[in-house]
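# An overview of the molecular structure
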Amino acid sequence: MPSDPLVARHVLEFPGGYTRTTGPVIGRFLTELRARRLVGVRTAEGRVLVPPLEYDPATGDPVTGEYVEVGPAGTVTASAWVREPRAAHPLDRPFAWALIRLDGADTALVHAVDAGDPRAVPPGTRVWPVWKDAPTGQITDIAYFAPEVTKIVSPVRAEYRLRAGGALRVFLEGVARGVFLGGRCPRCDQVYVPYRTSCPECGGRIGEPVELPGTGVITTFAINNLPDPRAPEVPFVSAYVLLDGADIPMIALIGDVPAHEVRQGMRVRAVWVPEEERTPSMANVRWFAPTGEPDMELS
Ligand SMILES: [Zn+2]
């Protein structure tokens, strides 16, 4: 008659801790840890082992006894995500066990990375140690590693009033009256719009503004397919309009015409918002619309 196998449960535990000697090499590593320094040991072939070992695992030769400070930062070479940490784990929240190659080391050590999310610990992740308050000379003196801070979220709020400088104020006061004001350089005879007080070409001083008509010609344009609150519809056209009498164009919306009919050389006229809606701003110009005149030859 078969009998049940005899089973006994054994637990091997040293509740007070199991004391063992570290040997000089690991001992040095742990002693340095207590001082919050990370060291490796150099092998006869020149590689730096971290954590240090007494024998080079590659050759079996004793290491040199030359200690090299490494880290403190390092690079994750591989990781495994722990969804449900156990009591003995270094963190009580999900974390990654990672192989971390500290800067200056040729081998990787295993430690926990507190990253919040498994996707945050791909190979190549830069991590820094987070030290315990009172180091005692154990690997757990490093509470865990944390990913390098690569971005911060900071509240931003800027409130400002833009005060138009003298020349721009003159121009916008003109716009509020439904006229474009330009400035003529007495030396170059160039007319700039918006009005400005000095010539960008020669630095000459520009005097009183000159009134320009609200008509001009499209020198170049772009068809836009993304909505814009100022635009009449989508697609809409933005263009450089050279006002009659001006020597540099200004940028403007084109309206009252299908986008595909807009062309270079097309004559246009400013469409102003009703006088009672006007403010000293470019919002007074709704857009430029075709005048119906023959196209102009552009030089
Ligand atoms: Zn000039």
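Note: the structure precedes this text.
Structural notes, computed from the coordinates.

## Things to note about the side chain of threonine 125
The residue threonine 125 is located in the loop between strand S6 (109–113) and strand S7 (126–131) in this model. A distance of 2.5 Å separates the side chain of threonine 125 from the backbone oxygen of proline 122, its partner in a polar contact.

## Regarding the pairing of S6
Moving residue by residue along a regular strand, the side chains alternate between the two faces of the sheet. Among the 5 residues in S6, 4 count as buried, and that is most of the element. Pairing of strand S5 (residues 95–102) with S6 involves 5 bridges; the strand directions are antiparallel. By the bridge assignment, tryptophan 97 is partnered in S6 with alanine 112. Linkage of S5 to S6, two consecutive antiparallel strands, is achieved through a turn of 6 residues, within which glycine 104 is found at a positive phi near 95 degrees.

## A closer look at the coordination of the zinc ion
Surrounding the zinc ion are the protein donor atoms Cys185 (SG), Cys188 (SG), Cys199 (SG) and Cys202 (SG), which sit 2.0 to 2.3 Å from the metal. In the primary sequence, the donor residues of the zinc ion line up as C-x2-C-x10-C-x2-C. A residue pair is termed long-range when its members are at least 10 positions apart, and cysteine 185 in the loop between strand S9 (180–184) and strand S10 (191–192) and cysteine 199 in the loop between S10 and strand S11 (210–212) qualify at 14 residues. Pair check on accessibility: cysteine 185 and cysteine 199 agree, each one buried.

What counts, and at which threshold
Residues numbered from 1 in each chain as written. Predicted model: local features only at pLDDT ≥ 70, side-chain atom pairs only at ≥ 80, totals over all residues. Heavy atoms only, no water. Helix = DSSP H or I, 4+ residues; strand = E, 2+ residues; numbered from the N terminus. Polar contact = N/O pair within 3.5 Å; in protein donor to acceptor, adjacent residues only side chain to side chain. Buried < 20%, exposed > 50% of the residue type's maximum accessible area, 1.4 Å probe, protein only. Pairing = 2+ DSSP bridges. Donors = N, O, S within 2.8 Å, 3.2 Å for Na, K, Ca; no water.

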